[in-house]
Amino acid sequence: MRRPVIAGNWKMFKTQAEARAFVIALKPLVANSSHCDIVIGAPFTALAAAVDAARGSAIGIAAQNMHWEKEGAFTGEISAKMIVEAGCSHVIIGHSERRQFFGETDVTVNKKVKAALDAELVPIVCVGELLAERESGRTEMVLETQFIGGMAGLTAQQFSRIIIAYEPVWAIGTGRTATPEMAAEAHRFLRQVAAAKFSPERAAALRILYGGSVKPDNIKGLMAQVEIDGALVGGASLDANSFASIVNF
Ligand code: PGA
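My aim in this report is to walk through the structure given alongside it, one point at a time. (Residues numbered from 1 in each chain as written. Predicted model: local features only at pLDDT ≥ 70, side-chain atom pairs only at ≥ 80, totals over all residues. Heavy atoms only, no water.)

Regarding the environment of glutamine 225
(1) Moving on: Checked against the element boundaries, glutamine 225 lands in the loop between helix 11 (219-223) and strand 8 (230-233).
(2) Moving on: With 84 residues separating them along the chain, glutamine 225 and methionine 141 place their C-alpha atoms 23 Å apart. (Helix = DSSP H or I, 4+ residues; strand = E, 2+ residues; numbered from the N terminus.)

Here it is in structure tokens:
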């Protein structure tokens, strides 16, 4: 049985004070939610505040990006060690907004994944096709390329610590969710690719989250699919009540 993961991705929202208030509001709402892992991806500046507010709960805090080097002359970047020191357990890597606006490639995703694993962070690695790619029948090719590129050179042992998030780019922030069946089909395909690259056992244990306009009113249908092991939630993770109702699907 794969343990579900419900992860929020705040993107560039919330100050330290707002992060703290959110976590304080969320804590009682998920105090008995032991059926899944709960993670919140906060902006760098709010990580320590979110970690502090989450103390005594099962809520894990994630960064939304990182650099792959341990330290160096990389103005504006943040290392895995800095994220760990802030108290984070997870890091989101390769989100489509980073691929689209900040030049993230499968090569940089791969370097970040390795550095995150070295630092004992759990990487939540995002993959997903553009609308044009889906419409031209290239979804599987894109997913395979992103998966293979992102996971290049990992041992099976390292791979066992990865969480994958399937986020069709056309469903992110658009209100246009993939149907549970469409998402499950993509997850099944990713699991096949994982089985071929690592092993059927590792693939069977891999947690694959769906992301893209997940809301309190569609989470149940998504989670009813055995292939869907949780969600990466953007917009609907900004409100504690809304996020809690997704956690408690
Ligand atoms: P959304 O974002 O839920 O607002 O569509 C999901 C994501 O970008 O991870």
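Details of the site of the ligand
(1) Moving on: Around the ligand there are 14 residues in total, and Lys11, His95, Glu167, Gly173 and Ser213 lie nearest to it.
(2) Moving on: Take histidine 95: an N or O atom from its side chain is 2.6 Å from an oxygen atom of the ligand.
(3) Moving on: At 2.6 Å, a side-chain N or O of glutamate 167 approaches an oxygen atom of the ligand.
(4) Moving on: For the ligand, the protein covers 96% of the area, taking 280 Å² as the surface of the free molecule.
(5) Moving on: Per-class residue counts for the shell around the ligand are 5 nonpolar, 7 polar and 2 charged. (Near = heavy atom within 4 Å. Polar contact = N/O pair within 3.5 Å; in protein donor to acceptor, adjacent residues only side chain to side chain. Areas by Shrake-Rupley, 256 points an atom, 1.4 Å probe, with all protein chains shown as cover. Nonpolar A, V, L, I, M, F, W, Y, C, P; charged D, E, K, R; others polar.)

Section: the packing of helix 5 (residues 106-118) against helix 7 (residues 139-150)
(1) Moving on: The N-to-C vectors of helix 5 and helix 7 enclose an angle of 40°; their axes lie 8 Å apart at closest approach. Taken together, helix 5 and helix 7 sit at an angle that is classed as oblique. Considering the relative orientation of helix 5 and helix 7, their crossing is right-handed. Judged by residue contacts, Asp106, Val109, Asn110 and Val113 of helix 5 engage Thr145, Gln146, Gly149 and Gly150 from helix 7.
(2) Moving on: For the contact of helix 5 with helix 7, the per-class residue count stands at 2 nonpolar, 5 polar and 1 charged. (Axes fitted to C-alpha atoms, helices over the stretch in contact; angles between N-to-C directions. Parallel < 35°, antiparallel > 145°, perpendicular 65-115°, else oblique. Left-handed = near helix turned anticlockwise from the far one by under 90°. Contact = heavy atoms within 4.5 Å.)

Some words on the side chain of arginine 207
(1) Moving on: Considering the arrangement of structural elements, one finds arginine 207 in strand 7 (residues 207-211).
(2) Moving on: Polar side-chain contacts of arginine 207 include one of 3.0 Å to the backbone oxygen of arginine 3.
(3) Moving on: Leave out the neighbours within four places in its chain, and arginine 207 touches Arg2, Arg3, Pro4, Val5, Asp37, Ile163, Ile164 and Asp229.

Focus: the packing of aromatic side chains
For any two aromatic rings, the description comes down to two numbers: the centre-to-centre distance and the angle of the planes.
(1) Moving on: Under the defined criterion, the tally for this structure stands at 6 aromatic pairs.
(2) Moving on: Ring geometry for phenylalanine 22 against phenylalanine 243: centres 6.4 Å apart, planes inclined by 45°, an arrangement best described as tilted. Placement of the pair is phenylalanine 22 in helix 1 (residues 16-29) and phenylalanine 243 in helix 12 (residues 240-247), with a sequence separation of 221 residues.
(3) Moving on: Looking at phenylalanine 22, the relative accessible area reads 5%, which means it is buried. (Phe/Tyr/Trp six-rings, centres within 6.5 Å; stacked < 30°, edge-to-face > 60°. Buried < 20%, exposed > 50% of the residue type's maximum accessible area, 1.4 Å probe, protein only.)

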